[in-house]
Every structure is written in structure tokens, then in C-alpha cells.
Protein chains: 2
Amino acid sequence: MRQRNLSLVLHAVAAHGPISRAGVASRIGLTRAAVSTLVDELARAGLLVELGRSRPGTVGRPGRDLALNERGPAGLGAEIGVDRLAVCAVDLRGRVRARAEEAGEHRGSAPGPVLRRLAGLCARVTADAEREGLRPVGVAVAVPGLVARDAATVVRAPNLGWQGLDAGTVLADALGLPVTIANEANIGALAELWRGGRTPAPRDFVYVSAEIGIGAAVVVDGSLLRGAHGFAGELGHVPVRPAGRPCACGGRGCLEQYAGEEALLRAAGIEERGAAGVGVLRARAGAGDGAARRALRGAGTALGTALAGVVNLLDPETIVLGGALTELSPWLLPAAERELRRHVADPTRAAHGEIVVSGLGRDAALLGAAQSVVQDVLDDPMGALAAAG
Amino acid sequence: MRQRNLSLVLHAVAAHGPISRAGVASRIGLTRAAVSTLVDELARAGLLVELGRSRPGTVGRPGRDLALNERGPAGLGAEIGVDRLAVCAVDLRGRVRARAEEAGEHRGSAPGPVLRRLAGLCARVTADAEREGLRPVGVAVAVPGLVARDAATVVRAPNLGWQGLDAGTVLADALGLPVTIANEANIGALAELWRGGRTPAPRDFVYVSAEIGIGAAVVVDGSLLRGAHGFAGELGHVPVRPAGRPCACGGRGCLEQYAGEEALLRAAGIEERGAAGVGVLRARAGAGDGAARRALRGAGTALGTALAGVVNLLDPETIVLGGALTELSPWLLPAAERELRRHVADPTRAAHGEIVVSGLGRDAALLGAAQSVVQDVLDDPMGALAAAG
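The rules behind the values
- Residues numbered from 1 in each chain as written.
- Chains lettered and ligands numbered in written order.
- Predicted model: local features only at pLDDT ≥ 70, side-chain atom pairs only at ≥ 80, totals over all residues.
- Heavy atoms only, no water.
- Helix = DSSP H or I, 4+ residues; strand = E, 2+ residues; numbered from the N terminus.
- Buried < 20%, exposed > 50% of the residue type's maximum accessible area, 1.4 Å probe, protein only.
- Areas by Shrake-Rupley, 256 points an atom, 1.4 Å probe, with all protein chains shown as cover.
- Contact = heavy atoms within 4.5 Å.
- Pairing = 2+ DSSP bridges.
- Axes fitted to C-alpha atoms, helices over the stretch in contact; angles between N-to-C directions.
- Phe/Tyr/Trp six-rings, centres within 6.5 Å; stacked < 30°, edge-to-face > 60°.
- Lys NZ or Arg CZ within 6 Å of the ring centre and 35° of its normal.
- 1 Å grid on protein atoms, 1.4 Å probe; cavity = no way out; pocket = protein on both sides within 12 Å on 5 of 7 lines; lining within 4 Å.
- Points joined across faces, edges and corners; volume = space filled by probe spheres on them.
- Nonpolar A, V, L, I, M, F, W, Y, C, P; charged D, E, K, R; others polar.
- Domains from an automatic or database assignment.
- Buried area = accessible area lost by both parts, 1.4 Å probe.
- Salt bridge = Lys/Arg side-chain N within 4 Å of Asp/Glu carboxyl O.
- Polar contact = N/O pair within 3.5 Å; in protein donor to acceptor, adjacent residues only side chain to side chain.
- Core = buried A, V, L, I, M, F, W, Y, C linked by side-chain atoms within 4.5 Å.
- UniProt positions renumbered as here; feature names shortened; annotations may be inferred.
- Least-squares fit on C-alpha atoms with pLDDT ≥ 70 in both.
- Parallel < 35°, antiparallel > 145°, perpendicular 65-115°, else oblique.
- Expected span 1.5 Å × (residues − 1).

A.B. asks: Talk me through the overall build of chain A; I want residue IDs and the actual numbers.
C.D. replies: Helix and strand counts for chain A come out as 13 helices and 16 strands. Viewed in the frame of its principal axes, chain A has a C-alpha envelope of about 70 × 50 × 40 Å. Expressed as a percentage of the 389 residues in chain A, the buried residues total 60%. Surface accessibility of chain A: about 14,700 Å² in total, with carbon and sulfur atoms responsible for 51%.

Structure, rendered in C-alpha cells:
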């Protein structure tokens, strides 16, 4: 009960701060005295701070406003992408306070060196964060693949070539911090929920992460649908051309083979890969290049076919497109929406033909990962601090 | 709290009866005195009965065993199929006690006469049930279409040609009983959960109802995933041939156009429709007829393509095939499973290539509908009896 009340106070301050003790008490339905005891404990743990006196003009003993500490505990987020590593630190207020990124070519890479480089980046960001008075209490790592329910094992990341890898334990040993591993689309969807900036935040949506791989996450009533083994959301391997191209997953005609970043660049005749290739494609499409526009139409159409299945099966309120390919949305989306409408003619469905673009861009998973550590602190403050040692 | 405890007692007797008051008390963690008061109330309402003395050899005052009343309150289930109407009455113990069925051709039918005939069937089954000492307290009606969250309005049933029809109010007026309308695949999935006879009952599965239309229901942790508007599970309109045949839904290349009953009979060159046609197809396939076997392979393959999308998106523990076409499963399933395995090569998924056939056959939705009324009584006994008047 005490743990729950500590969390209630923190969430009230997170949502409404700066706010007085009396304000917190009235919002969460506890007495002012009970709230004061909880606030003192949270302040001692470095989670809350008291600001200057609030509303000096009001009658009675002036209260001090409470806010989440912008020094103190922080969350580290990391991303193992097919073509980059990235790490950031987010404070309790959700602001990014340190960030580092390294390009890399991780396709078919040995996991050991990649994880060592990631640990090095984490150490660098931790040092930067510490200079700002922050203390990372955990790391969440987004990976482009299936993650087991233990939140440690990468079961299969086809675009990295990794399989059955306990990345969580390797990184926890290297960093001396609690580590959780998460699927990048799942964590990107949570970023959309927490940081998407939409009011009210959507509660039932499908988040599509379009990069080299294409992942998705299904959010139902504000929670991730994980599937029986945690493998739900593999949109990239939904067949859109049943007798089509073979895929690294062992299947055929998977969406990824038509709308993934590499398929798209190949179709447009662009040799550069990764962000550089996407930049070239974007420039050519903007200049009206026929091959670029055709490639984007083809990819958008394949995406629309797969999303038609999603809308029929799941009836989401909204479809949100995120990831690196959002830069190409001016050309991808019209084709995707046209195809979606062709297959989901039913006008009674809200998500019958509109795809919303995430404002978080290619950092969605990275930000979501860092924020997930912060959310764990807000949900169970003393537990999270104890786990961090 | 009292309502909740009444429900706890009923559920304990439903799951473990015949059982003594002491047995109920120990299972639900209430005192024997409290249980006795609750049992008396439930017995007065006709929900429980006391059987003969239990275990006469035991020491102490012999208790009487409790059981759900096999007379008294009952649930009516009804089904509006494209080619039949059916109604049944199920007692509190879940046994079917009366049943009636009428063939019909409801494609493009005016709803009024169909609903009047259904009300007539309900009256007939009610009369039969009353002769057995039963008293129906509600009706649930399965329809092959999208049902609004009000559980009364048929938003769209393309194979009937109905749209925006408040069938719930029409039937409630005719019958003088509470009526709920439900999608036939959803209610078939609940039947599988409640009456499927698997131990343990699957908690995460996709139920496919294959008839003239092909519906599906997604069960996550024992609950239906309904979607933002209640329209989830429209497997029949998942595109499997993106540039394929036009469908009544307005889309193209929908699964229903390749694996629905009519498409299948047409492909096999069979003129009979409905159960008769399925019987002919079954006989021909059994006799090794090439056209019949080819048609079934084609339908199975299309089903497998759509299910590959389902497995990738939802990661269910199990896929259960129900509905009229289960009669054809010896020929449909091998092709569907082969196609599913071709697209979901990942051996770490439980549902990567096996489809289970429901034992409930074409009555799944009918039985699920009747059982849903009984479940409502078990969940809120006094509320359900009060609503029935």
C-alpha cells in the first residue's frame, strides 16, 4: 500500500507538477499529512524536489511547490539498429539530457563486439549525464527482433542475424545496472503512448515501425498486446504477395520484401544504404524522379495491403506510422491509404483509410526505451532504486 | 460485495458440484455460515438445489450436496445464419434441453420476416423448455456480421444484406425477454472457451468460423479482443490476393472469395448450396474427385495465407477452426497448414503450423449464445433474474 501511495504521489507530480502538497493530496484522495510523509521519503530518495514558495498571495501557510527532480535518478535508453547504435539519458521529467550515436553495419554481425560498443556508448552517456547531476538507474535496449518474455533474450533478429542471445545478462554484467531488452516496435509504440504529444493519447492503435525491418505493435486499451510468446506485431512478415519473393525469415512474399528500407532503395535503383540512401530517395522523389516515385508507390501499396489485414483483424482506432521511413511519408502514405481504402471500404471504421505519422521519427524506440526506465521508477520508486543498487 | 459472493458460490457449484456447503466455503474462502445464507438465497431464486445427503458414512452432521438447478432459469441461444435459423435452450448446468431449426435463404432478405420467424422459433423452444420445468431468462442471438457495442445493432451483415438494424429491440419487443446480439465468430470463440472440452481451456487463441462468410475472433488471456468499435476479427475480408476478385464488402481479393462456402462450392463445380452442397463436396472429395480436391486445396491455401498474417500479428497459442466447413477439414487443413508453415517458418512459435478443429461443429455459435445467457446468470444472478422480470 505504501509503495502504491509513493507511486501515486510521483505520478500526480509528474502529470500536474509543479504542484503543492495540498494539491497532490486532493488529487489522489489522501490526507495532507499522509502526503507529506510520502513526499519526505520521495525527496530523501532524490525523486522529488521542493521549488520556491508557491502562490505567495494566497491566504494561510504558503506551501512549496513540488516537482520531479531534474537531477537524481534517470533512465538510459539504447537502440541496436541494423545500421546504428544510439543511447540517450532521460531525466524524471522526460527530458533528454545526454545522447550519443554511432553508425555501424550490424547485418550478420557477431553480437559480442556490438554489445561491447553499446556498453561503451552507455558509459559515455552515463558520464555526460552524471556531469548534469543525473544517476542512471537502469537501461532499456530496443532491438529489431523477437524478444523472449524474460526481457533479456533476443530470440531471433533476422536483420542482425542474431538468435537465442541473452543480451540482457551480457549488458547487465558490463554496465552494473538492471537491463531490459525490448522489441523496437513495442517500445516505439510505448513512446507514442507516453511522448507522442497527442491529446488525448490514443488508447487503441497499431504502431508501425518502418525501417529496414518492418515491425508493428498493437496497443489495446493503453497496453501492449504481446502475444502468447511475446512475438505479436510481426507486420513485416505478413504475406502480401503469397507466391512472392523469399524472405530471410524463411517465408515468401513478406511485406518487408516490398516495403522495407532495402527493398525500397533497391526498387528505386539507389545504391546508398541506410539514412544516406533514404536521403537520396527523398531528394529524388521530391524532384519528381519517376523511378523513385514508382518505388515509393509500390512500397506504399504493399504496406496498405498488410494494413488492410490489420484493420480487418484488429479494428484499431488509429494507425500510427513511425521509424526511419516516416521521412518518406509524403510519397508512401497516399499509396498506402489508397490501397487500405480499396480493401477496407467500410466507412464505419475509424481507421478505414487514414494513417497518422508519428512525430517521434527515427528516435521513437530510443526515447521509448529511456522513458520505460523512468516509468518503472514512477510506478515502483523504491523498488527501482533498490534494483539499481 | 453480496452480489459478488452470490456469484462466487454459483461458480463454485458450477465448477465443482455436486458439492457440500462446507466444500463451497473452503473453496471460496468464506465462513460456512455466510455460505449458508447465500445458498438459501440462491435456492429461493431457483438457481441451486439441494440433493440427497452426501457421504452418509462421514462423521458429524451430514451435509446435503448442492447442484445447479436443472429446472428453473435457462438461457436461450439463437442463430441467424445465411441459410438457417436455429434456437436452443440450455439449462444452468450447460445441457441443451430444447432445440429447433429451420432452413431458409436469408441472402438479401428483408429483416422483418426473418426476425418474426426467429421469434416464432424462440417461442416454440421456450414452450418445450417450460415443459421441462425451465424458464428462459434471456436470449443471445448470433449473427454473421458486425455488431455495434450496444449489443443490439447489426451494423453490417454483408451476406444477409442487412445494415444498421436494431435487431435487439425488435426481438426484445417480440419476446418480452432481454436480448443481446453478438457476432457469430465472437460467440463461437466463447463457446470454445466455455464448452470446447479442452483441458486446460486455451486462453490465447484465434477462433476461425468458416461458413459462407469467414469470421474470426481473437481471444487474449481468456477475453475477446473486440477492437475499437467491436469490429475486430473480420478474417474473411483480409486480402489474400491483393488484385483479386471483388467482394460484397467493397474490397478485393478477400479470403471469403477463395475459402468461403460459396466460393468453394463454385470452384468445385457443385450447384447445391448450403449444407447440401457441403455434403456433396465432402462425398466427392472422399471419393477422390479431382475438381473437389483441387477446390479444397485452393481454399485451404488461401486460408493458410490469411492465417500466416494472423500468426505474425497476434502470436496466438492455438488456431481453432470451427463452423460448417469443419466437415471438410480433412481436405482443407493439410493445404492450410502447408501454406501457414511456408510463411511462418519460425519454429519458436507454438501456432506455427497447426490448426486445431473445434469439436462443436456448426452449432458452436448457437451453443455459445445460449451459454452466454447462462454465464450472465452465474456472474450476476440477481441482476440477470431481475432483468428477466
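A.B. asks: Provide a residue-level description of the environment of Gln375(B), including the pertinent values.
C.D. replies: Residues and elements named next belong to chain B. By the element assignment, Gln375 lies in helix α12 (residues 364-379). For the pair Gln375 and Ser20, spaced 355 residues apart in sequence, the C-alpha separation works out to 22 Å. Excluding residues within four positions of it along the chain, Gln375 makes contact with His11 and Trp194.

A.B. asks: Could you give me a rundown of the sheet that holds strand β9 (residues 153-157) of chain B, with the residues and numbers involved?
C.D. replies: All names here are of chain B. Taking strand neighbours across the sheet as the criterion, the three strands line up as β8-β9-β10 in an open arrangement whose pairing is antiparallel. Both outer strands of the open sheet, β8 (146-147) and β10 (162-166), are each paired with one neighbouring strand and no more. Direction of pairing for β9 relative to β10: antiparallel, over a ladder of four bridges. In the sheet register, Thr153 faces β10, and the bridge partner there is Asp166. Packed on one face of the sheet, helix α5 (residues 167-175) meets β9 and β10 and runs near 50° to β10.

A.B. asks: So what's going on with the packing of aromatic side chains? Which residues, and what values?
C.D. replies: Considering all chains together, one arrives at zero aromatic pairs over all chains under this definition. In this structure, Arg241(A) is placed above the aromatic ring of Tyr258(A), and the distance from its NZ or CZ to the ring centre is 5.5 Å.

A.B. asks: Can you break down empty space enclosed by the protein residue by residue, with the values?
C.D. replies: Residues and elements named next belong to chain B. Under the definition given, this model contains twelve cavities of 30 Å³ or more. Taken as a whole, the largest cavity holds about 320 Å³ of empty space. Its residues assigned to classes, the lining of the largest cavity comprises six nonpolar, seven polar and nine charged. Counting contributing residues per domain, the lining of the largest cavity is built from domain 2 (73-188 + 364-388) and domain 3 (200-359), each supplying no fewer than three.

A.B. asks: I'd love a proper account of the interface of chain A and chain B, names of residues and values included.
C.D. replies: Taken together, the contacts link 45 residues of chain A with 45 residues of chain B. For the pair chain A and chain B, the two sides together bury roughly 3,500 Å², of which 61% comes from carbon and sulfur. Counting the surface chain A buries against chain B, the share from its top three residues, Pro242(A), Leu313(A) and Asp315(A), is 19%. Here chain A is connected to chain B by zero salt bridges. On inspection of chain A and its partner chain B, the count reaches 20 residue pairs in polar contact (both at pLDDT 80 or more). Where the side of chain A that touches chain B is concerned, the elements lending two or more residues are β9 (153-157), α10 (290-314) and α11 (329-343) of chain A. Broken down by element, the side of chain A that touches chain B gets its largest block of residues, seven residues, from α10(A). Across the side of chain A that touches chain B, the residue classes tally to 21 nonpolar, twelve polar and twelve charged.

A.B. asks: Summarise the nonpolar core; cite the residues concerned and give the values.
C.D. replies: For soluble globular proteins, the rule of thumb is that nonpolar side chains tend to be buried together. Core analysis: the largest hydrophobic core is formed by 87 residues, its most contacted members being Leu235(A) and Leu235(B). Sequence-distant contacts of Leu235(B), defined by excluding residues within four places in its chain, comprise Leu313(A), Val208(B), Ile214(B), Gly215(B), Ala216(B), Leu255(B), Leu303(B), Ala306(B), Leu307(B) and Val310(B).

A.B. asks: Talk me through the UniProt feature "domain: HTH marR-type" (unreviewed entry) in chain A; I want residue IDs and the actual numbers.
C.D. replies: Per the UniProt record, "domain: HTH marR-type" (unreviewed entry) is found at residues 8-49 of chain A. A helix fraction of 71% and a strand fraction of 10% characterise residues 8-49 of chain A, whose end C-alpha atoms lie 16 Å from each other.

A.B. asks: If you had to explain the relation of the copies chain A and chain B to someone new, which residues and values would you point to?
C.D. replies: You can overlay chain A on chain B at an RMSD of 0.0 Å; the transform is a turn of 180° with a shift of 0.0 Å along its axis. Both chain copies can therefore be described as sitting about a two-fold axis. The fraction of interface residues of chain A whose copies in chain B are also interface residues reaches 100%, indicating that both copies meet through the same surface.

A.B. asks: So what's going on with the packing of helix α1 (residues 2-16) of chain B against helix α3 (residues 32-44) of chain B? Which residues, and what values?
C.D. replies: Residue and element names in this part refer to chain B. Here α1 crosses α3 at 80°, and the two axes come no closer than 10 Å. It follows from the interaxial angle that α1 and α3 lie roughly perpendicular. Contacts from Arg2, Asn5, Leu6, Val9 and Leu10 of α1 reach α3 at Thr37, Leu38, Val39, Glu41 and Leu42. In terms of residue class, the contact of α1 with α3 is made up of six nonpolar, two polar and two charged.

A.B. asks: Give me the pattern of salt bridges: which residues, what numbers.
C.D. replies: Throughout the structure, instances matching the rule amount to 45 salt bridges over all chains. In this structure, the salt-bridge partner of Arg21(B) is Glu50(B), at a minimum N-O distance of 2.7 Å. On the criterion of sequence distance, the pair formed by Arg21(B) in helix α2 (residues 21-28) and Glu50(B) in strand β2 (residues 48-53) is long-range, its members being 29 residues apart. For Glu50(B), a relative accessible area of 39% translates into the label partly exposed. With its nearest N and O atoms 3.0 Å apart, the salt bridge here joins Glu102(B) to Arg117(B). One end of the pair, Glu102(B), is in strand β6 (residues 96-103); the other, Arg117(B), is in helix α4 (residues 111-131), and 15 residues separate them in sequence. Taking relative accessible area as the criterion, Glu102(B) reaches 24% and is therefore assigned partly exposed. Residues participating in the shared-partner salt-bridge network are Glu79(A), Asp83(A), Arg84(A), Arg99(A), Glu101(A), Arg362(A) and Asp363(A).

A.B. asks: Mind laying out the domain arrangement of chain A, listing which residues take part and the relevant values?
C.D. replies: Residue and element names in this part refer to chain A. Splitting chain A by domain gives domain 1 (2-68), domain 2 (74-188 + 364-388) and domain 3 (198-359). On the side of domain 2, eleven residues touch domain 1, which itself brings 13 residues to the contact. With both chains or domains summed, domain 1 and domain 2 bury close to 1,000 Å², and 68% of this area falls on carbon and sulfur atoms. By the criterion of area lost to domain 2, the three top residues of domain 1 are His11, Leu47 and Leu68, representing 47% of everything that side buries. Applying the counting criterion to the domain 1 and domain 2 interface returns zero salt bridges. Viewed at the interface, domain 2 and domain 1 are joined by four residue pairs in polar contact (both at pLDDT 80 or more). Where the side of domain 1 that touches domain 2 is concerned, the elements lending two or more residues are α1 (2-16), α3 (32-44) and β3 (64-68). Ranked by residues supplied to the side of domain 1 that touches domain 2, first place goes to α1 with six residues. Looking at the side of domain 1 that touches domain 2 residue by residue, the class counts come to nine nonpolar, three polar and one charged.

A.B. asks: An account of the layout of surface pockets is needed here, citing residue identities and associated values.
C.D. replies: Residues and elements named next belong to chain A. A volume near 570 Å³ is recorded for the largest pocket. In terms of lining, the largest pocket is formed by 29 residues, of which the most central are Ala151, Thr180, Ala182, Ser372 and Asp376. For the lining of the largest pocket, the secondary structure elements donating two or more residues are β7 (134-143), β11 (179-183), α6 (184-195), α12 (364-379) and α13 (381-388). In terms of residue count, the dominant contributor to the lining of the largest pocket is β11 (five residues). Looking at side-chain class alone, the lining of the largest pocket contains 18 nonpolar, seven polar and four charged residues. Three or more residues apiece are contributed to the lining of the largest pocket by two domains, here domain 2 (74-188 + 364-388) and domain 3 (198-359).

A.B. asks: How would you explain helix α11 (residues 329-343) of chain B if you had to name every residue and give the values?
C.D. replies: In a regular helix each residue adds 1.5 Å, so 15 residues correspond to 21 Å; α11(B) covers 20 Å between its end C-alpha atoms and thus fits that length. On its buried face, α11(B) is in contact with α10 (290-314), β15 (318-322) and β16 (355-357) of chain B.

A.B. asks: Could you give me a rundown of unusual backbone geometry, with the residues and numbers involved?
C.D. replies: In this structure, the amide linkage connecting Gly17(A) to the following residue, Pro18(A), adopts the cis form with an omega of -5°. Among the secondary structure elements, Pro18(A) is positioned in the loop between α1 and β1 (19-20). One non-glycine residue, Asp315(B), lies in positive phi territory at about 50°. In this structure, Asp315(B) sits in the loop between α10 and β15.

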